[in-house]
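# Observations on the three-dimensional arrangement
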Amino acid sequence: MFRSLRERNYRYYASGQIVSLTGTWMQRAAQDWLVLELSGGSPAALGFAVALQFMPTLLLTLWAGLIADRFDKRRLLIVVQTAMGLCGLALGLLDVTGVVELWHVYALAMVLGAFSAIDAPVRQSFVVEMVGPAQLTNAVALNSMTFNLARIVGPAIAGVLITMIGTGPVFVSNGASSAAVVLGLVLMDPARLRRPTAAPKEGGQLRAGLRYVRGRAELMVILALVFCVSTFGMNFESVFAVIARNVFHRDAAGYGLLITMLAVGTLSGAALAARRSGSGRPRLRLLFAGAAAFGALEAFASQLPSYEIFAMALVPVGVAVMTFTTTANSTVQLSIDPAMRGRVMGLYMMLFLGGRPIGGLLSGWLAEVLGGRAPLLLGGLATLVATAAGAAVLAWRRREVADDSRLG
């Protein structure tokens, strides 16, 4: 299950990520709660903050993927992670000194989103350089385990700290935690990285990456499904804040527990993915099964009557969504030309994260108009529809190819 950790560079990377991602999840919980406090509990204001944080993804991620194909990914990550830490420190200082206003949170959310948009494709395409293609599926699953371990610990710590001392120190802690991942990157041995040949600087490279994806029907379907599931079904943090505060009338600790219960499920799903990684390449059947199970379980959970039952139902929701996301990520990375990896993963992360502004605004509006449960119900149903459509397209495409082969 943990064989990728035999790689020295990956051990440094994973160790730094545990600390840094814990701080990131602490900040996400604190930011959502601060927005609700400053806006008087407005779901629309929270949806707008989420939209601002993910909007730069639409503008920058594709270009970041091209940069990842051209330049040293390790050095790029050092610069970007440092900048992300400074954003957390800035918001923390504004909050601790008592001068923070809603527009400050909006502005810093957008700046942080810009750096995150650059970080995502560079980080995703850097994994294979640390561990190699044979261990990529395992490393992706371990990354998800790290991410979701932090997702359990971070919001739980944030909920306690917010109740005891407020949101400001949480932001400061996140800014300081970025030093861990930067240190891990600095300590790596560059000679042991498996770097592909850098893409030469020439015109039309971004268009070439898009043409490459457009020519692969299976890849197109997976990316479209990733976009639909992420945009409509995975707005957990903002939706849970509204459900905890406005539906079940809980405090910040109650919100943190919902995030933690989901993370217990996603951590379990990532562990299962790590164990499966030794059985060969991921299968499309598992990808579609994970997406369908996630949509059905999310819609079901949205209608549960009590806080306790709702919280417990988030565990299987987390298992299903992690099965889908780890399978999608590994399938895409293992099916593409290494020279195109940065650009394809840039597109992947743009679709995975870039729909969040739409999803955030839509979730806020739905919660405002139809109630706090509506975003989960409709997001789950939308996921089911997208899964069925994707499976139908692939089945039709395969029949078409089989018919062409027989005629040929």
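Residues numbered from 1 in each chain as written. Predicted model: local features only at pLDDT ≥ 70, side-chain atom pairs only at ≥ 80, totals over all residues. Heavy atoms only, no water.

## Considering the layout of surface pockets
- Taken as a whole, the second largest pocket spans an internal volume of roughly 150 Å³.
- Phe2, Leu5, Tyr10, Ala14, Ile18, Leu142, Met145, Thr146, Leu149 and Leu267 are the residues that line the second largest pocket.
- The set of elements that each furnish at least two residues to the lining of the second largest pocket consists of α1 (8-38) and α5 (136-165).
- If one sorts the elements of the lining of the second largest pocket by residue count, α5 sits on top with four residues.
- Across the lining of the second largest pocket, the residue classes break down as nine nonpolar, one polar and no charged. (1 Å grid on protein atoms, 1.4 Å probe; cavity = no way out; pocket = protein on both sides within 12 Å on 5 of 7 lines; lining within 4 Å. Points joined across faces, edges and corners; volume = space filled by probe spheres on them. Helix = DSSP H or I, 4+ residues; strand = E, 2+ residues; numbered from the N terminus. Nonpolar A, V, L, I, M, F, W, Y, C, P; charged D, E, K, R; others polar.)

## A closer look at the packing of helix α8 (residues 217-233) against helix α11 (residues 284-301)
- Viewed as axis vectors pointing N to C, α8 and α11 meet at an angle of 20°, and their least axial separation amounts to 12 Å. By the angle between their axes, α8 is roughly parallel relative to α11. Crossing geometry of α8 relative to α11 is assigned as left-handed. Contacts between α8 and α11 involve Glu218, Val221, Ile222, Leu225, Val229 and Gly233 from the former and Leu284, Leu287, Phe288, Ala291, Phe294 and Glu298 from the latter.
- The class makeup of the residues in the contact of α8 with α11 is nine nonpolar, one polar and two charged. (Axes fitted to C-alpha atoms, helices over the stretch in contact; angles between N-to-C directions. Parallel < 35°, antiparallel > 145°, perpendicular 65-115°, else oblique. Left-handed = near helix turned anticlockwise from the far one by under 90°. Contact = heavy atoms within 4.5 Å.)

## Thoughts on the pattern of salt bridges
- Considering all chains together, one arrives at four salt bridges under this definition.
- Its salt-bridge partner being arginine 123, residue aspartate 119 comes within 2.8 Å of it at the nearest N-O pair. In this pair, aspartate 119 and arginine 123 both sit in helix α4 (residues 102-131), four residues apart, roughly one turn of the helix.
- On the accessibility criterion, aspartate 119 (3% relative accessible area) is buried.
- Of the charged contacts, one joins arginine 250 and glutamate 308 as a salt bridge, the two residues approaching to 3.2 Å between their closest N and O atoms. In this pair, arginine 250 sits in the loop between α9 (236-247) and α10 (252-276) while glutamate 308 sits in helix α12 (residues 307-334), placing the two residues 58 residues apart along the sequence.
- What makes arginine 250 partly exposed here is its relative accessible area of 32%.
- What makes glutamate 308 partly exposed here is its relative accessible area of 43%. (Salt bridge = Lys/Arg side-chain N within 4 Å of Asp/Glu carboxyl O. Buried < 20%, exposed > 50% of the residue type's maximum accessible area, 1.4 Å probe, protein only.)

## Things to note about unusual backbone geometry
- Even without being a glycine, histidine 249 presents a positive backbone phi close to 60°.
- Along the chain, the position of histidine 249 falls in the loop between α9 and α10.
- Among the residues examined, histidine 249 registers a relative accessible area of 63% and is labelled exposed.

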